[in-house]
Structure formats: structure tokens, C-alpha cells
2 protein chains.
Amino acid sequence: MEATRACTKLQLLLMSEEEDPGEVQVEIQDQPSAQAQASDDYFHSYSDLSVHELMLRDQPRLTAYSDCIEKNAHLFQSKVVLDVGCGTGILSLFAARAGARKVYAVEASEMHKKAETLIKENGYSDTIEIIHDVVENVKLPEKVDVIISEWMGFYLLHESMLASVIDARERLLKEGGIVIPSTGKIYICPVAMEHFRKQHVDYWKAYHGFDFSSIGDEIMTAKMSTPFVEQISSSELLSRPQEFTNIDFNKVETAELVSLTGDFSFEVERTAQMAGFAFWFDCDFTLESSFPIILDTSPSSEPTHWKQTTVFLGVFADVQKGEQVEVKVTMQQDDMNPRHYSISIQS
Amino acid sequence: MEATRACTKLQLLLMSEEEDPGEVQVEIQDQPSAQAQASDDYFHSYSDLSVHELMLRDQPRLTAYSDCIEKNAHLFQSKVVLDVGCGTGILSLFAARAGARKVYAVEASEMHKKAETLIKENGYSDTIEIIHDVVENVKLPEKVDVIISEWMGFYLLHESMLASVIDARERLLKEGGIVIPSTGKIYICPVAMEHFRKQHVDYWKAYHGFDFSSIGDEIMTAKMSTPFVEQISSSELLSRPQEFTNIDFNKVETAELVSLTGDFSFEVERTAQMAGFAFWFDCDFTLESSFPIILDTSPSSEPTHWKQTTVFLGVFADVQKGEQVEVKVTMQQDDMNPRHYSISIQS
């Protein structure tokens, strides 16, 4: 969902730039920017398709689902499957090809028409039924054995589409049925972002023989006030990543997603300037396959369209090798718009 | 001007897809998209800065100006210079450093504040005077020796800022004064876009074992209906490029820019499928330097933010080695919005 997700804006609230960086408190809140709203208003057909194109070209994403379904085909054969937010219908096609008796493919956007066409063109119209609605409105003539969905947002929870999967699980899944993927973990790690700093700060200090550092300052301030959703190098990590949360999608309740919090102590592995904290996730697709099937969006894995989400402190804080960086991290759902989360990092 | 320029939309009017490709008539008209209009309405400060950042990081662009000014410093020493659309003021700074007695730096956007700051921070406030206005409103206490401006758009003429330079030249330049750059040529060449075709057509034909070619068709149709402003490889060129026009910025009149037209016959150098025609430009900055200084945006030169503009036919037309492809090409200024051009290619 790159094209729309990337158009969000985070508000960065620093207590004071004068404070000791160790005392910095950062609160970041997702808000749709004017551009994103304009983009919602003007629902350009290709923009929409381009989002799906991006996702369809995301090989680690597709491989996790196709491996999971092929290596666990016995869980699909003659079974009833629900695909929550089917998009172009690719996951439904995987399920149908694996032998599902029936696939209900739910899609609220106009993309349901494209899915209908692709399913017909690939000869699966008898097995896959497209339902053009939000899943919360869907009633089915039977309960399903499997729920499959690609609902994951940036740092897993952005967009909160997991709530729709939970709703479907509660109402439409057989007792003993399974949700795919089954679990997801969010990771957090302090980062240096040295390349970023060189490119956006150092570059302007001697620009064609002039001092353009005030351009660099303005660019940095702007970039640091937005969610930095970019692939970062694992060399930027300043510590061992820690697990922020581990969610079992077969059990989690929506109430548990309102506020997630944790206290962390990171041991700094090299003396550097700390720019902020990176977040990413992995999801487990192993089920009963003989080898683990993990979709991993970490900096050291093959890049995905989720990249990593970096939350900046607003300053580059000097940290020493061996130092402990202690923070309290909260992801809080917005009261007004539950699709948005605030991430706050407090020392 | 990437960020705003890239948000334009071309209308592609094919006479009929059933016709012989040799008979295809393409008319492309620039129109601001809803997104671009929204972006105009909501003049986000960083969006604006990011456009300047892109231009400031364009090394071939900056090098042409700085080489020109350094190698022709005698044309600047103790002279009066006008910088039309100074942006962050970098060209004015080059001119001041080369010894200009006075630089009038005209900037209509809010970027004039940034320019003011940078000029002050670099100690040139005594030499460079920022004028916050459109150049058409500017009156000066003296005529200038040199007009310097970076006004060039995609395929040179997009955005038509050249008209402002002509206005300044007519009213504010001394007789015998010079305009930098001095000349510009637009080139045209038929292109195969094989990489593009493989990526956007062939990719979907066997997508994870399914036929997703209708996705590819829709993506191609959408992409082919917009100006494709991307860096293309010189290996995509199907013929020797030809000069579409050669404009002397010291002499050209605005009336000459209303409609530019030419008949071309390209000898095809290899049997291929022809996707359309690429346009690019170069500008001459040599003046009296002992070696040529050319800003060249061709596919075989170092990439710039102008890239190349490809106009698609809407079909991939089979062409044979040795075949002559004959087309009439017109760039026509829009009556309603002179900043927009229609490009039509007719066989």
C-alpha cells in the first residue's frame, strides 16, 4: 500500500531541543497529509493499480504466501477459505490452485472488478467467489476452515487492518480453523542513519564552495518530522534488535491493539550518533510445513515494500559503546481514527 | 522541478488501435492532474524545498553553470547580472563570486526567503539583491550585462519559462549583453523501450503460474497515456537522433515558441518493436571559454533530473532494420495555458 501509506505525516513533538538528548521525548502521530487526502478524494484508477503492482512485485511477500499454501496444501484441499481484502485475488488463486473447495474473496475497493477478471481468465470462477464489501458486512452460508489475508501495514500495525481479520475470525471461522499468517512480531532497534546524515547534513556544508547548511537543516527538520519509511542498512543498527510485541493472530483481541507498550534497555555496540529507532516486523507462515516459512522485513532480509519505519529523535545523540539506552515505547491507536497510531519513545 | 513537473498528465489520442501502426497518429497534451492542482493549492514548504533539493543535487546542471561562470569570469567581473527565477540563489552566488558588481536575483516563490538567508550566510548581501516578484514586473535602475537563468523544463520547453527570460532580455538587457545559456537544441529519436515492455508486459504473462496479462495491459495503457519522464538507456534508441529545433536564446521571440514543427525520416538501425519517440535537449554554455561547455540531457550522458521524455504510440509497432520511419512532429503551446504544450506525432 506504498502509494497511500507513504503520504502520511507524522508530527514530531520534542520537549525541547535544548535538553540533554538522553531526556528527549518524541511523540509521533500519524496524520493524513493534505496530499493524501487529495489522493483519497481523487481515486485515480492507475494510482490504485500501481499500489497493487508494487505489492504484486514484492517477491518476499508473495513467496511467503505461495510457499505457505504449497507446503501446507493438505490444509487447503477440499477446504473453505476466506481471503480478507483480496485485492487482485492472487492469494485466492493460490488457495484455489492448492485444492480449496470454495474461496470467498472479499474486497471493498473497485479492485474487486480486476480480481473478478483475473479469476475468470485463470479458470477459477467456479471456486472463487468475489464479494464486493467490507468484511464486517459479510455473511457467509458456511463457516470457513482458513482465513488468509495480507493485511500488514508499515511496522505491522499501521492502517490497523488486523481488526478486520479479527472480526472475520470471530464471526466466520470454524472452531479449530486457522488464520494465515499465524503470528507477527514487531522489532525495535536504535539506529545511527550515518548515510542519511552524510547525505542530508554534511553534503550541504561545503556546497560548490558555499555554506548551504541551512538548506540541510531545513531538509533534515522536514524529514525528521515524517515517518521515514525507507530500506535501511543493517550496518545502521546500533544494538541488537529487541522484540516490541508478539501477536498471535488466532487469539488476539482488538482491545489488545489499542495500546502497546514496552520498556527496553539497549546495549550500544559502537560509539556513534543515534538518530532514532527503527521498527519492522516478521510474520510466521510455517503452519505444518517441514521448514520455517517467515516473512521477515528486517534490514538484513531481502527488501520488501514495507521497508523499515524509522522514528527520529530530532537530534543526533552521542552514544558510547557499552552504554545502555533505556526507553519506554508506546504505540497508541488514535481515538478519532483507529487506522492511525501514535508512536511515542520516552527516555 | 521534478516534483511538480512529474505530476502532469498527457492525453493520448489514438486514431484507432486497429490501424496499421505506420498510420498511428498520436496527440499528447499536457494537463495538470488533480494531484498537481492539489499540490499547487497546498504549497507545502518541504515539497517546495524538495524540488530545489533535487535541482541542487543535479551535478551536470550545476557543473554547466559553474564551469561557464568560472571559465568566463571576465564576462562577469565588474558586470551587472540578472538571475531570472533564482530559487535558492546558487547561480547568483556563482556570479557574485566570479566578481559581478551587482546581481539582481528575481524569485516569485517563497523560496526568495531561503535565497536571502543563504546569500547573507555566505557574505554576498552587498552584491546580490533579492527581488521577490515575477520578472515581468521587475524594473531595474540600470540595464544588465548578463542574464543567467535555469528555466529549462522537460524536453526543454515544458513550463515555458523561456518566455520570462525573453521578456527580461527585451526590457532589461543592455545592447550587446548576453543570455546564459545561449542556445538550446531539442532532439527526437524513435525508441524500443524493450526493458519497459519486458517489465510491464512480459512479467505478467506467467505470474506465479497465473496469467495476469490483463494487469499488465492496464498498467501499460495507463503508463502510455502519461508523459514517461524517465532516464532511458541509449540502447533503446532505434535510429540516430535528429535535431527537432535549435533555439538561440539571445534572439528567439515568444511568437516563435507557439508552434514548433518538423518532418523527420529516421532510418531504423535494428529490427525491433518501436514503442514511441524520446525527446531531450542540450544547452550551450561555452561563451568564450577555450573548450565547449554543454549541458546534455541525452540518454548517453550523465543522468540529470530532466531525464528524457518518451511519447508512446500506444502500440508496439514492428519496424525493420533499414526501414524509414517518417513522422511529422508538432509542439504546440496550449491557448488556454501557455505553460503547457501538446506534442503530436503523425505519420
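Residues numbered from 1 in each chain as written. Chains lettered and ligands numbered in written order. Predicted model: local features only at pLDDT ≥ 70, side-chain atom pairs only at ≥ 80, totals over all residues. Heavy atoms only, no water.

The name given to chain A in an unreviewed UniProt entry is Methyltransferase domain-containing protein, with the source organism recorded as Hanusia phi.

(A) Fine view of the overall build of chain A. Secondary structure summary: chain A contains nine helices and 16 strands in total. Across the 347 residues that make up chain A, the buried fraction comes to 55%. Counting contacts in chain A only where the partners sit at least 6 residues apart, residues at least 24 apart contribute 77% of the total. By element, 47% of the accessible surface of chain A is carried by carbon and sulfur atoms, the whole surface being about 14,500 Å². (Helix = DSSP H or I, 4+ residues; strand = E, 2+ residues; numbered from the N terminus. Buried < 20%, exposed > 50% of the residue type's maximum accessible area, 1.4 Å probe, protein only. Contact = heavy atoms within 4.5 Å. Areas by Shrake-Rupley, 256 points an atom, 1.4 Å probe, with all protein chains shown as cover.)

(B) Structural view of the packing of helix 6 (residues 111-121) of chain A against helix 9 (residues 213-224) of chain B. It is at 9 Å that the axes of helix 6 of chain A and helix 9 of chain B come closest, and there the two elements cross at 135°. On the basis of the axis angle, helix 6 of chain A is oblique to helix 9 of chain B. Together, Lys114, Thr117, Leu118 and Glu121 of chain A of helix 6 of chain A and Ser214, Ile215 and Glu218 of chain B of helix 9 of chain B make up the contact between the two elements. When its residues are assigned to classes, the contact of helix 6 of chain A with helix 9 of chain B shows two nonpolar, two polar and three charged. (Axes fitted to C-alpha atoms, helices over the stretch in contact; angles between N-to-C directions. Parallel < 35°, antiparallel > 145°, perpendicular 65-115°, else oblique. Nonpolar A, V, L, I, M, F, W, Y, C, P; charged D, E, K, R; others polar.)

(C) Highlighting the relation of the copies chain A and chain B. Overlaying chain A on chain B yields an RMSD of 0.0 Å, the required transformation being a rotation through 180° with an accompanying axial translation of 0.0 Å. In symmetry terms, the pair is related by a two-fold rotation axis. (Least-squares fit on C-alpha atoms with pLDDT ≥ 70 in both.)

(D) Spotlight on the UniProt feature "domain: Methyltransferase" (unreviewed entry) in chain A. In this structure's numbering, the residues bearing the UniProt feature "domain: Methyltransferase" (unreviewed entry) are residues 81-177 of chain A. As annotated, residues 81-177 of chain A comprises 31% helix and 25% strand, and the C-alpha atoms at either end are separated by 10 Å. (UniProt positions renumbered as here; feature names shortened; annotations may be inferred.)

(E) How the structure looks around the pattern of salt bridges. All names here are of chain A. Across all of its chains, the model carries 30 salt bridges over all chains by this definition. When the shortest N-O distance is used, the salt bridge between Glu110 and Lys113 registers 2.8 Å. Taking the relative accessible area as the measure of exposure, Lys113 reaches 51% and is therefore exposed. (Salt bridge = Lys/Arg side-chain N within 4 Å of Asp/Glu carboxyl O.)

(F) Region of the structure containing the interface of chain A and chain B. Facing 42 residues of chain A, the contacting portion of chain B comprises 42 residues. Summed over both sides, the interface between chain A and chain B buries roughly 4,000 Å², with carbon and sulfur atoms accounting for 59% of that surface. For the interface between chain A and chain B, the tally reads two salt bridges. Note that Glu218 of chain B is salt-bridged to Lys114 of chain A, the shortest N-O span being 2.6 Å. Where chain A meets chain B, there are 18 residue pairs in polar contact (both at pLDDT 80 or more). Listed by contribution, the elements that provide at least two residues to the side of chain A that touches chain B are helix 2 (34-41), helix 3 (45-56), helix 4 (59-71), helix 5 (90-97), helix 6, helix 8 (194-200) and helix 9 (213-224) of chain A. When residues in the side of chain A that touches chain B are grouped by element, the largest group, six residues, is from helix 9 of chain A. A class-by-class count of the residues in the side of chain A that touches chain B yields 20 nonpolar, 13 polar and nine charged. (Buried area = accessible area lost by both parts, 1.4 Å probe. Polar contact = N/O pair within 3.5 Å; in protein donor to acceptor, adjacent residues only side chain to side chain.)

(G) Quick peek at the confidence of the model for chain A. Residue and element names in this part refer to chain A. Looking at chain A, the pLDDT average stands at 87 and 86% of residues meet or exceed 70. pLDDT under 50 marks residues 1-25. Its contacts with residues more than four places away, or in other chains, come to 72 contacts. A low-confidence stretch, residues 27-44 (pLDDT under 50), is modelled with 45 contacts involving residues beyond four sequence positions or located in other chains. Predicted complex metrics record ipTM = 0.83 and pTM = 0.82. (pLDDT = per-residue confidence, 0-100.)

(H) The arrangement of the packing of aromatic side chains in detail. Applying the stated criterion across every chain, the model contains 32 aromatic pairs over all chains. Aromatic pair Phe210 of chain A and Phe94 of chain B: ring centres 6.1 Å apart, planes at 40°, arrangement tilted. Of the two residues, Phe210 of chain A is situated in the loop between helix 8 and helix 9 and Phe94 of chain B in helix 5 (residues 90-97); the pairing between them involves two chains. No difference in accessibility class separates Phe210 of chain A from Phe94 of chain B, as the two residues are buried. For the ring pair Tyr203 of chain B and Trp204 of chain B, a centre distance of 4.9 Å and an interplane angle of 85° mean the geometry is edge-to-face. Take Trp204 of chain B: its relative accessible area is 0%, and that puts it in the buried class. Members of the aromatic cluster, connected to one another through ring pairs, are Tyr203, Trp204, Tyr207 and Phe212 of chain A. The cationic tip of Arg197 of chain A hangs over the ring face of Phe316 of chain A; the distance from NZ or CZ to the ring centre is 5.5 Å. (Phe/Tyr/Trp six-rings, centres within 6.5 Å; stacked < 30°, edge-to-face > 60°. Lys NZ or Arg CZ within 6 Å of the ring centre and 35° of its normal.)

(I) Spotlight on the sheet that holds strand 5 (residues 128-131) of chain B. Residues and elements named next belong to chain B. Taken in spatial order, the five strands make up an open sheet running 5-4-3-6-7, and their pairing is parallel. Taken across any chain shown, the strands that pair with only one partner, and hence form the sheet edges, are strand 5 and strand 7 (173-180). The average undirected angle you get between the axes of adjacent strands in this sheet is 20°. Relative to strand 7, helix 7 (residues 162-172) is tilted by about 155°, and along the sheet it contacts strand 3 (80-84), strand 6 (144-149) and strand 7. (Pairing = 2+ DSSP bridges.)

(J) Region of interest: the domain arrangement of chain A. Residue and element names in this part refer to chain A. Domain boundaries in chain A define domain 1 (35-180) and domain 2 (182-337 + 343-347). Relative placement of domain 1 and domain 2: their C-alpha centres are 28 Å apart. Each partner contributes residues to the interface: domain 1 has 32 residues there, and domain 2 has 33 residues. For the pair domain 1 and domain 2, the two sides together bury roughly 2,800 Å², of which 73% comes from carbon and sulfur. In terms of surface lost to domain 2, no three residues of domain 1 exceed Phe154, Tyr155 and Leu156, which account for 22% of the buried area on that side. In this structure, the connection of domain 1 to domain 2 is made through zero salt bridges. (Domains from an automatic or database assignment.)

(K) Representation of the sheet that holds strand 6 (residues 144-149) of chain A within the structure. Residues and elements named next belong to chain A. The five strands lie next to each other as 5-4-3-6-7, forming an open sheet whose pairing is parallel. Looking along the sheet, the strands with just one partner apiece sit at the ends: strand 5 (128-131) and strand 7 (173-180). Strand after strand, the sheet turns through a mean of 20° between neighbouring axes, direction not considered. Where strand 3 (residues 80-84) lies against strand 4 (residues 102-106), five bridges are found, and the strand directions are parallel. For Val81, the partnering residue across the bridge sits in strand 4 and is Val103.

(L) The environment of Met193 of chain B, seen in detail. All names here are of chain B. Here Met193 is to be found in the loop between strand 8 (183-191) and helix 8 (194-205). Separated by 42 residues in sequence, Met193 and Ser235 place their C-alpha atoms 8.9 Å apart. Those residues in contact with Met193 that sit more than four places away from it in its chain are Phe228, Ile232, Glu236, Ala275, Thr310, Phe312 and Phe316.

(M) Geometry of the pairing of strand 6 of chain A. Residue and element names in this part refer to chain A. Counting buried residues along strand 6, six of its six residues qualify, which places the element largely inside the surrounding structure. Sheet topology places strand 3 next to strand 6; four bridges connect them, and they run parallel. Residue pairing across strands places Val84 opposite Ser149, the latter belonging to strand 6. Inspection of the sheet shows strand 6 paired to strand 7 by four bridges, in the parallel sense. For Val146, the partnering residue across the bridge sits in strand 7 and is Ile178.

(N) Expanded view of the packing of helix 4 (residues 59-71) of chain B against helix 5 of chain B. Residue and element names in this part refer to chain B. Direction vectors running N to C along helix 4 and helix 5 enclose 20°, while the axes themselves pass 9 Å from each other. The orientation of helix 4 relative to helix 5 falls into the category roughly parallel. The two elements helix 4 and helix 5 meet at a crossing, and its hand is right-handed. Mapping the contact onto sequence places Leu62, Tyr65, Ser66, Ile69 and Glu70 in helix 4 and Ile90, Leu91, Phe94, Ala95 and Arg97 in helix 5. Residues that form the contact of helix 4 with helix 5 fall into these classes: seven nonpolar, one polar and two charged. (Left-handed = near helix turned anticlockwise from the far one by under 90°.)

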